[in-house]
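Notes for the structure review
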Amino acid sequence: MCHLQIGTFMTDIADEFKIVVVEAIRSLCLKFPQKYRALMNFLSSVLREDGGFEYKKAIVDSILILIREIPDAKESGLAHLCEFIEVSSWHTIFWLWPRVK
């Protein structure tokens, strides 16, 4: 199944099942570390989509584990996390702004 098909599948299932998929992706990445780029990109893309706290936490935890276990994944993993933090911060600011005025 290609990245687009998995992404489409992920939008159709509940967060509890998405977490199972994220954990499976993490396991695959640890088993095949040379494939970390494609799998990390997938995790980064699903991190930007809608989902609950536990789902987002599972993705972030997976990226952190990959950074720790696969030295070559450190730079891209940190970049993905920084991007997520930056985008999340802007969404929070825009959401809070009318309430702060």
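Going by the structure above, here's the rest.
Everything quoted here is computed from the prediction, not taken from an experiment.

The rules behind each value
Residues numbered from 1 in each chain as written. Predicted model: local features only at pLDDT ≥ 70, side-chain atom pairs only at ≥ 80, totals over all residues. Heavy atoms only, no water. Salt bridge = Lys/Arg side-chain N within 4 Å of Asp/Glu carboxyl O. Buried < 20%, exposed > 50% of the residue type's maximum accessible area, 1.4 Å probe, protein only. Helix = DSSP H or I, 4+ residues; strand = E, 2+ residues; numbered from the N terminus. Phe/Tyr/Trp six-rings, centres within 6.5 Å; stacked < 30°, edge-to-face > 60°. Lys NZ or Arg CZ within 6 Å of the ring centre and 35° of its normal. Contact = heavy atoms within 4.5 Å.

Here we take up the pattern of salt bridges. Evaluation of the coordinates by the stated rule reveals 4 salt bridges. When the shortest N-O distance is used, the salt bridge between Glu 69 and Arg 68 registers 3.2 Å. Judged by its relative accessible area of 45%, Glu 69 is partly exposed.

By the element assignment, Phe 42 lies in helix α3 (residues 36–47). Taking C-alpha positions, Phe 42 is 9.4 Å from Val 22, a pair spaced 20 residues apart along the chain.

What follows deals with the packing of aromatic side chains. On inspection of all chains with the given rule, the structure shows 0 aromatic pairs. The ring of Tyr 55 is capped by Lys 18, whose NZ or CZ atom sits 5.2 Å from the centre of that ring.

A word on the environment of Met 10. Mapped onto the elements of the fold, Met 10 is located in helix α1 (residues 3–11). Taking the relative accessible area as the measure of exposure, Met 10 reaches 1% and is therefore buried. Excluding residues within four positions of it along the chain, Met 10 makes contact with Lys 18, Val 21, Val 22, Phe 42, Val 46 and Tyr 55.

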